[in-house]
Amino acid sequence: MPELPEVEVVRRGLERWVAGRTVAAVSVAHPRSVRRHVLGAVDFSARLAGRRVVGARRRGKYLWLPLDSDDAVIAHLGMSGQLLVRPALEPDETHLRVRVTFTDAGGELRFVDQRTFGGLAYESGGALLPRSLAHIAPDPLDPAYDAPTVVMALRRRRTGLKRALLDQTLVSGIGNIYADEALWRAGLHYARATDTLTRAEALRLLSQARAVMTEALAAGGTSFDALYVDVNGRGGYFDRSLAVYGRAGRPCRRCGAPIRRDPFMNRSSFTCPRCQPRPRRGRW
DNA sequence: CCTGCCGCCTGCGCGC
DNA sequence: TGCGCGCAGGCGGCAG
């Protein structure tokens, strides 16, 4: 469940339903889901057993559960990952990859991931900010986020605007949906060269990115299908408020022109051709 | 350093 | 009905 609002919905669920509980046992059904844990699945399970989860934190699209050992379990949902809190008696999901049981009578935590791009890892000393996430920039909802710093960094880049927005080392949490939505709100085209942006344009874009993700979070995130759900399996309803993403051929909510879809980095970009004219000399 | 491309996976809907 | 293709909210590693 990819982008910042959806991941934050999951974080809140973990904080409510998992924090404070002590792990009884961990079983890894698919080793690929713990591939980032270098010492392997058996070691991963052994380190986690007996530990108490003390919270649930997030930076960009990464989650981590700080533990009473001052270590942390890092989680990334990739394209199709889910973290679900389910009664132990519920049948296993088809793509159940990791199961965490607790010493109390509450539900178990399940990592379900169809495509296995996501995964879990145990990191020593990672409770505050895991070392493996040091390259991830603060996201727009983080108190450590400083827009003027990002504006400067963005304008120093020599690339296309959407590429930069998707670069998690510049600003984190933005993915394909909210990049397109922020660009539409700011009236900027995805191929605009970053080094031609004015400070005002860059600031406007970042403000719109934060605004759209804040609104999406309030709606529980964007859920086109059952893959994107909170820890209790419920989806959000921000898909109704999307202006361009997934709306090819339908009228722009601002000017009525048909939204267009362009191939972009083996995926798609959605724009309003009138509100976001392609720059004469853009950059892919 | 910085930028851009590729591969990693499974499943679904579409056209033939 | 079956099959191949394109497509899907992402990322790390590596080449140039």
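Refer to the structure above for everything that follows.
The paragraphs below set out a description of the structure included in this document.

Here is what the cut-offs are and how they apply
- Residues numbered from 1 in each chain as written.
- Chains lettered and ligands numbered in written order.
- Predicted model: local features only at pLDDT ≥ 70, side-chain atom pairs only at ≥ 80, totals over all residues.
- Heavy atoms only, no water.
- Helix = DSSP H or I, 4+ residues; strand = E, 2+ residues; numbered from the N terminus.
- Rg over C-alpha atoms; globule rule 2.2 N^0.38 Å.
- Buried < 20%, exposed > 50% of the residue type's maximum accessible area, 1.4 Å probe, protein only.
- Salt bridge = Lys/Arg side-chain N within 4 Å of Asp/Glu carboxyl O.
- Phe/Tyr/Trp six-rings, centres within 6.5 Å; stacked < 30°, edge-to-face > 60°.
- Expected span 1.5 Å × (residues − 1).
- Arc of directions from axis to C-beta.
- Pairing = 2+ DSSP bridges.
- Axes fitted to C-alpha atoms, helices over the stretch in contact; angles between N-to-C directions.
- Contact = heavy atoms within 4.5 Å.
- 1 Å grid on protein atoms, 1.4 Å probe; cavity = no way out; pocket = protein on both sides within 12 Å on 5 of 7 lines; lining within 4 Å.
- Points joined across faces, edges and corners; volume = space filled by probe spheres on them.
- Nonpolar A, V, L, I, M, F, W, Y, C, P; charged D, E, K, R; others polar.

In this section: the overall build of chain A. If you tally the helices and strands in chain A, you get six helices and ten strands. Expected size for 284 residues packed as a compact globule is a radius of gyration near 19 Å; at 20 Å, chain A falls within 12% of this value. Taking the principal axes of its C-alpha atoms as reference, chain A extends roughly 60 × 35 × 30 Å. Taking all 284 residues of chain A together, the buried fraction comes to 54%.

Counted according to the given criterion, the structure contains 22 salt bridges. For Asp180, the salt bridge is made with Lys162, and the minimal N-O distance between the two is 2.7 Å. You can see Asp180 sitting in helix α5 (residues 176-186) and its partner Lys162 sitting in helix α4 (residues 161-166), a full 18 residues away along the chain. Note on Lys162: relative accessible area 0%, which makes it buried. Each member of the salt-bridge network shares a partner with another, and the members are Glu8, Arg11, Arg12, Glu15, Arg58 and Asp139.

On to the packing of aromatic side chains, then. The full count for this structure, using the stated rule, is four aromatic pairs. The interplanar angle of 75 degrees and the centroid separation of 5.3 Å between the aromatic rings of Tyr190 and Phe264 together place this pair among those described as edge-to-face. Taken together, the positions of Tyr190 in the loop between α5 and α6 (199-218) and Phe264 in strand β9 (residues 260-264) put the pair 74 residues apart, joining distant regions of the chain. For Tyr190, a relative accessible area of 1% translates into the label buried.

When the terminal C-alpha atoms of α6 are compared, their 29 Å separation across 20 residues agrees well with the 28 Å that a helix rising 1.5 Å per residue should span. Among all positions in α6, only Glu201, Ala202, Leu205, Leu206, Ala209, Val212, Met213, Ala216 and Leu217 are buried. Summarising the axial view, the buried residues of α6 lie within an arc of 145 degrees, below the 170-degree limit, and thus occupy one face. Those residues of α6 that are exposed and aimed more than 90 degrees away from the buried face are Arg199, Ala200 and Ala218.

This next bit is on the pairing of strand β7 (residues 108-113). In summary, the side chains of a regular strand alternate between the two faces of the sheet. Burial runs high along β7: six of the six residues are buried. Of the two faces of β7, the one carrying Glu108, Arg110 and Val112 and the one carrying Leu109, Phe111 and Asp113 are both buried. Here strand β5 (residues 81-86) runs beside β7; their pairing, made up of six bridges, is antiparallel. Residue Val85 lies in a different strand from β7, and its bridge partner there is Leu109.

Glancing now at the sheet that holds strand β6 (residues 96-102). The strand order β1-β6-β7-β5 describes an open sheet built from four strands, whose pairing is antiparallel. The strands lining the two open edges of the sheet, one partner per strand, are β1 (23-28) and β5. With strand direction ignored, the average angle separating the axes of adjacent strands in the sheet is 15 degrees. Here β6 pairs with β7 via four bridges, running antiparallel. Bridge pairing in β7 links Val100 to Leu109. Contacts between helix α2 (residues 41-48) and the sheet are confined to β1 and β6, with β1 contributing the most and set at about 170 degrees to the helix.

Turning to empty space enclosed by the protein, a few remarks are in order. All chains considered together, the criterion is met by one cavity of 30 Å³ or more. Considering only enclosed or pocket space, the largest cavity measures out at about 140 Å³ in volume. As for the largest cavity, its lining consists of 17 residues, of which Leu65, Val73, Val100, Leu109 and Leu120 are closest to the centre. Secondary structure elements with two or more residues in the lining of the largest cavity: α2, β3 (62-66), β4 (72-76) and β6. If one sorts the elements of the lining of the largest cavity by residue count, β3 sits on top with three residues. Looking at the lining of the largest cavity, its residues break down into 17 nonpolar, no polar and no charged.

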